[in-house]
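Commentary on secondary and tertiary structure
Given next are the chains, with one letter for each unit.
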Amino acid sequence: MTLQVAPSGRLSAEQVTAVLHSATLAPSTHNTQPWLFSVGPAGIELYADPDRTLPVSDPDRRELLLSCGAALFNLRTAIHAAGAHPVTTFFPRRGDPDLLALVKPRGAAATDRKLASLAAAIARRHTNRTPFTAKPVPAGAMGALRHAAEVEHAWLPRLDPDQLAGLKELIRESHRLQTADPAFLAEWRRWTGRGRGKRDGVPFAAGGAVTADDTWVLRDYGGGSRAPGAAPMVVVIGTFADLAIDRLRAGQAMQRVLLTATARGIDASFISQPVEVPAIRARLRELLGGGLWPQIVLRLGYGAPVPRTPRRALEDILVTPSPLSV
Ligand SMILES: Cc1cc2nc3c(=O)[nH]c(=O)nc-3n(C[C@H](O)[C@H](O)[C@H](O)COP(=O)(O)O)c2cc1C
């Protein structure tokens, strides 16, 4: 964002509109965009939108919190890039689990250059489901991705070949279980394959697919004809606890990892099957050593350009009638 904020950190209505727009570019399960915002003198409030849950694939709203965490990271990062500091309070109102965070922009001594470069990646990040080339993700980039997760209080462990093979099996199994469940398929159909004119859901052109075979979920999963060193390109982000706050943090970590990848020209897509099936998630936890709650699995590499997905209009995600200064 080019508009520099006042030394007090106060954001004009135009700046609030810009940072909210950045927040809405976050990824969300099936592009449900399960967030709402309220702007007032106390700051910008982020709410979970109770009308945009996925009762079959996300009954305990874990992925909803991940998605909202990603939006929160975008919001914080856009405020940083504008030259203010986003003072953030998680779950600020006792007894209101839908009010996830309050963000109050304050004066900042200097712009954080790293966050400014991540802010520049917000609009360029897209879920990339195309086949990835054999070019390996450089080891240095993997270190940066691990660091990105840790800065946001999550972990991206290095997986050994046995763990990667085990994860592959769990992906296959969870995919099989989900595609055998008519309720899961019905929910998936409600949100995907949408044509032009829709402001949510995964458009047909974005290439999501659920088929009974596992060619899609295991696409490019290491091994096979890949160059030596090309794997691992599948990573897991985990947290040490699994409360709502940990899930919200995991979403911020996921988004920081994704933007760090985008800034380095690395594409990513999600493999959420093994964390959406509770019994498989428990086995993945064991596979990781028993200390981490797996929150999301990502596929990283180099794909073909993909189209952007739609977003709801600002007036549809604002609890307050119009953006105000904060
Ligand atoms: C928590 C989470 C889980 C997701 N799981 C999957 C998945 O299993 N398969 C998939 O193709 N996309 C998955 N996505 C990607 C969303 O479909 C995508 O973010 C959304 O359609 C918006 O598109 P964009 O990421 O290109 O902005 C997931 C996203 C999030 C945040």
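Within each chain, residue numbers correspond to sequence positions counted from 1 in written order. Per-residue local features are limited, in this predicted model, to residues with pLDDT of at least 70; the limit for side-chain atom pairs, both in listing and counting, is 80 or more; totals at the level of whole chains, interfaces and linings are taken over all residues. Side-chain figures throughout are based on the complete set of non-hydrogen atoms in the structure, without hydrogens or water.

1. Concerning the pairing of strand β2 (residues 43–48)
Looking along a regular strand, one sees the side chains alternate between the two faces of the sheet. Burial here depends on accessible area, computed with a 1.4 Å probe over protein chains only, as a share of the maximum for the residue type. Under 20% is buried, over 50% is exposed, and the range in between is partly exposed. Counting from the N terminus, the helices are DSSP H or I runs at least four residues long and the strands are E runs at least two residues long. Buried residues dominate β2, accounting for six of its six residues. Across six bridges, the pairing between strand β1 (residues 35–40) and β2 is antiparallel. Opposite Ser-38, over in β2, you have Glu-45 as the bridge partner. In this analysis, strands are considered paired if DSSP registers two or more bridges between them. Here β1 folds back onto β2 in antiparallel fashion, the turn holding two residues. Pairing of β2 with strand β4 (residues 99–107) involves four bridges; the strand directions are antiparallel. Paired with Ile-44 across the bridge in β4 is Val-103.

2. Re the packing of helix α4 (residues 139–151) against helix α7 (residues 244–263)
Contact geometry for α4 and α7: axes closest at 8 Å, N-to-C directions at 150 degrees. Here α4 is positioned roughly antiparallel relative to α7, judged by the angle of their axes. For the crossing formed where α4 meets α7, the hand is right-handed. Contacts between α4 and α7 involve Ala-144, Leu-145, Ala-148, Ala-149 and Val-151 from the first element and Ala-253, Arg-256, Val-257, Thr-260 and Ala-261 from the second. The convention used is that axes are lines fitted to C-alpha atoms, helices contributing only their stretch in contact, and that angles between N-to-C directions extend from 0 to 180 degrees. Oblique is the label for any angle not under 35 degrees, not over 145, and not in the 65 to 115 range, which are roughly parallel, roughly antiparallel and roughly perpendicular in turn. Crossing handedness: left-handed means the near helix sits turned counterclockwise from the far one by under a right angle, and right-handed means the same turn made clockwise. Contacts are assigned to residue pairs with any non-hydrogen atoms lying within 4.5 Å of each other.

3. So, the domain arrangement of the protein chain
When the domains of the protein chain are assigned, the result is domain 1 (13–126 + 310–317) and domain 2 (139–301). All domain edges in this entry derive from an automatic or database-based domain assignment. Centre-to-centre, using C-alpha coordinates, domain 1 lies 21 Å away from domain 2. Every contact between the two is made by 40 residues of domain 1 and, on the other side, 41 residues of domain 2. Summed over both partners, the accessible area (1.4 Å probe) lost when two parts come together is defined as the buried area. Both sides together, the interface formed by domain 1 and domain 2 hides about 3400 Å², and carbon and sulfur atoms give 63% of it. When the buried area of domain 1 at its contact with domain 2 is split by residue, His-30, Arg-62 and Leu-66 rank highest and sum to 20% of it. Whenever a carboxyl oxygen of Asp or Glu lies within 4 Å of a side-chain nitrogen of Lys or Arg, that contact is scored as a salt bridge. Summed over the shared surface of domain 1 and domain 2, the result is three salt bridges. Note that Asp-200 is salt-bridged to Arg-52, the shortest N-O span being 3.0 Å.

4. Quick word on the sheet that holds β4
Here four strands make up an open sheet; going across it, the order is β1-β2-β4-β3 and the pairing antiparallel. One side of each edge strand has no neighbouring strand; the edge strands of this open sheet are β1 and β3 (84–90). Sheet twist, expressed as the mean angle between neighbouring strand axes with direction ignored, is 25 degrees. Relative to β4, β3 is paired through seven bridges, and the arrangement is antiparallel. Each residue of the ladder has a partner; that of His-85, found in β4, is Arg-106. Along the sheet face, helix α2 (residues 62–81) touches β1, β2, β3 and β4 and points at about 155 degrees away from the line of β3.

5. Observations concerning the nonpolar core
Buried residues of nine kinds, namely Ala, Val, Leu, Ile, Met, Phe, Trp, Tyr and Cys, make up a nonpolar core once their side-chain atoms join them within 4.5 Å. Core analysis: the largest hydrophobic core is formed by 54 residues, its most contacted members being Phe-37 and Leu-75. Here this core takes 10 residues from α2, the largest share from any one element. Sequence-distant contacts of Leu-75, defined by excluding residues within four places in its chain, comprise Val-19, Leu-20, Ala-23, Phe-37, Ile-44 and Val-103. Formed by 21 residues, the second largest nonpolar core is a distinct cluster that contains Leu-170, Met-233, Val-234 and Ile-280.

6. Quick look at the packing of helix α3 (residues 113–121) against α7
Look at α3 against α7: their axes get within 8 Å of each other, and the N-to-C directions meet at 80 degrees. Overall, the two elements α3 and α7 adopt an arrangement that is roughly perpendicular. Between α3 and α7, the residues in contact are Lys-114, Leu-115, Leu-118 and Ala-121 and Arg-256, Leu-259, Thr-260, Thr-262 and Ala-263, respectively. Looking at the contact of α3 with α7, its residues break down into five nonpolar, two polar and two charged. Throughout this entry, Asp, Glu, Lys and Arg are counted as charged residues, while Ala, Val, Leu, Ile, Met, Phe, Trp, Tyr, Cys and Pro are counted as nonpolar. The remaining residues, Gly among them, count as polar.

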